Amino acid sequence: LALAVACARLQRLQLSHCDGLTERGVFYLGMQCAGLLELRLCGCLGMRDDEVAQTAADALRKLRLLQLPSGAVRSARCG
């Protein structure tokens, strides 16, 4: 419960070499961390950029910056 409360206030998150994370995990993260403005997935090679971008657009409505697993950085609102 404490983690869920803290996550709701989280604005920036960077995960490195998170090979076990899936698009479903990104969606869950978005549901729990609704205030997230910046998400960087550095070297998370188990996911495809297009799937992560779509998941972020669906689940992370406030997101301003998204770093995709390939290293590309873009605004999630730009698709």
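Residues numbered from 1 in each chain as written. Predicted model: local features only at pLDDT ≥ 70, side-chain atom pairs only at ≥ 80, totals over all residues. Heavy atoms only, no water.

### Re the overall build of the protein
And step 1. Scanning the protein from N- to C-terminus turns up three helices and four strands.
And step 2. Element order for the protein, N to C, with α for helix and β for strand: α-β-α-β-α-β-β.
And step 3. In the protein, which comprises 79 residues, the share counted as buried stands at 38%.
And step 4. For the protein, the proportion of contacts with a sequence separation of at least 24, taken over those separated by at least 6, is 65%.
And step 5. Accessible surface for the protein amounts to roughly 4,900 Å². Of this, 55% is attributable to carbon and sulfur atoms. (Helix = DSSP H or I, 4+ residues; strand = E, 2+ residues; numbered from the N terminus. Buried < 20%, exposed > 50% of the residue type's maximum accessible area, 1.4 Å probe, protein only. Contact = heavy atoms within 4.5 Å. Areas by Shrake-Rupley, 256 points an atom, 1.4 Å probe, with all protein chains shown as cover.)

### Considering the pairing of strand β2 (residues 38-42)
For a regular strand, side chains alternate in direction, first toward one face of the sheet and then toward the other.
And step 1. Within β2, four of the five residues are buried, which leaves the element mostly enclosed by the surrounding structure.
And step 2. Bridge analysis of strand β1 (residues 12-16) against β2 gives five bridges, and the strand direction is parallel. In the strand pairing of β2, Gln-14 is matched with Arg-40.
And step 3. Following the chain from β1 across helix α2 (residues 23-32) to the adjacent parallel β2, one finds a crossover that is right-handed.
And step 4. As defined by bridge partners, β2 adjoins strand β3 (residues 65-67) across three bridges and the pair is classed as parallel. Looking across to β3, one finds that Glu-38 is bridged to Leu-65.
And step 5. Read from β2 through helix α3 (residues 49-59) to β3, the crossover connection turns out right-handed. (Pairing = 2+ DSSP bridges. Right-handed = clockwise from strand over helix to strand, strands pointing away.)

### Description of the confidence of the model for the protein
And step 1. Predicted confidence across the protein gives a mean pLDDT of 84, with 89% of residues reaching 70 or more.
And step 2. Here helix α1 (residues 2-9) stands out as the element of the protein with the lowest mean pLDDT, 68, in contrast to β3, whose mean of 94 is the highest. (pLDDT = per-residue confidence, 0-100.)

### Topic: unusual backbone geometry
And step 1. Positive phi outside glycine occurs at His-17, with the angle close to 50°.
And step 2. Within the element layout of this structure, His-17 appears in the loop between β1 and α2.

### Focus on the environment of Gly-35
And step 1. Here Gly-35 shows up in the loop between α2 and β2.
And step 2. The exposure class assigned to Gly-35 is buried, which follows from its relative accessible area of 16%.
And step 3. Between the alpha carbons of Gly-35 and Arg-9 there is a distance of 6.0 Å; along the sequence they are 26 residues apart.
And step 4. Excluding anything up to four places from it in sequence, Gly-35 contacts Ala-8, Leu-10, Gln-11 and Lys-62.

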